[in-house]
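Now for the letters of each chain:
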Amino acid sequence: MQVGLISDIHANLPALEAVLDDMPPVDDIICAGDIVGYNPWPRECLERVRTVSSLVVQGNHDRNVETPHRYEHNDMAHAGLEFAQQELSDAQREWLSELPERTEFADDAYRLVHSHPDPNRLGSYVRPAQFPKMRPYLDDHVGIVLGHTHIQHKATIDGRLIVNPGSVGQPRDGDERAAYAVLDTAADEVELRRVEYDINRVISRVEECGLPTKTGTRLLDGS
């Protein structure tokens, strides 16, 4: 089965549209969370993901739409969550609140989480250098798919796969292009992919909505 992997869309509609247009034919699309936050299209991105993805887990921004004050230390995150709270309908916010924190797919061969696979470390980052430390969580799985860091990376540990498809809407790995991946669950192989999109459209919309200017301009250098 060919599975499209997306994560950390963060309400960036032009990036999401570019990814979906660029994605080769797949049997399914799975989302590792953080549909909303930061950027100015939370409603549109939520509906698009809900339409195309059969499986979605809850990211930290999805979880905190009702509690933006938890991100007061981060102007961009705080503003993006307040904007999402205003823009989303009651039904949309309820849908986000009911998303699972973790699940399995491909006949339970793969684990899907947003951050750390340990439920006691919810919200912790798993950066590329830490991928080998995830081996204990692979005893019952062929692979783990996660997001949260906005850094696209894959690794094979003892024949088992760990992949972060990268961020659709706010890459932080120095590559400004929208990131995603395509997983072959029969071969247990994954292709990391990037695609250009109209960043200036995001910058203009960020300004129109009164969001912090850096929310848009940081996209120019993938930071």
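Treat the numbers as computed from the prediction; the structure is a model and nothing was measured.

**Remarks on the environment of R111**
Here R111 lies in strand β5 (residues 110-113). The exposure class assigned to R111 is buried, which follows from its relative accessible area of 17%. Considering only alpha carbons, one finds R111 and D140, 29 residues apart in sequence, at a separation of 9.1 Å. With residues near it in sequence (within four places) discarded, R111 still touches T103, E104, F105, P117, Y137, H141, G143, I144 and V145.

**Observations regarding the sheet that holds strand β9 (residues 178-184)**
Reading across from one edge, β3-β2-β1-β9-β10 is the order of the five strands in this open sheet, with mixed pairing throughout. The outermost strands of the open sheet, each flanked by one partner alone, are β3 (55-56) and β10 (189-195). Where strand β2 (residues 28-31) lies against β3, two bridges are found, and the strand directions are parallel. Note that in β3 the partner of C31 across the bridge is V56.

**What to know about the sheet that holds strand β4 (residues 102-105)**
Spatially, β4-β5-β6-β8-β7 is the arrangement adopted by the five strands of the open sheet, whose pairing is mixed. Edge positions in the sheet fall to β4 and β7 (153-157), since each has one partner strand and no second. Taken over all neighbouring pairs, the strand axes of this sheet differ in orientation by 20 degrees on average, direction set aside. Two strands pair when backbone bridges link them, and β7 and strand β8 (residues 160-164) are joined in this way by five bridges, in the antiparallel orientation. Paired with A155 across the two strands is I162, which belongs to β8.

Calculation notes
Residues numbered from 1 in each chain as written. Predicted model: local features only at pLDDT ≥ 70, side-chain atom pairs only at ≥ 80, totals over all residues. Heavy atoms only, no water. Helix = DSSP H or I, 4+ residues; strand = E, 2+ residues; numbered from the N terminus. Buried < 20%, exposed > 50% of the residue type's maximum accessible area, 1.4 Å probe, protein only. Contact = heavy atoms within 4.5 Å. Pairing = 2+ DSSP bridges. Axes fitted to C-alpha atoms, helices over the stretch in contact; angles between N-to-C directions.

Spatial relationships are all this shows, so hold off on functional conclusions.
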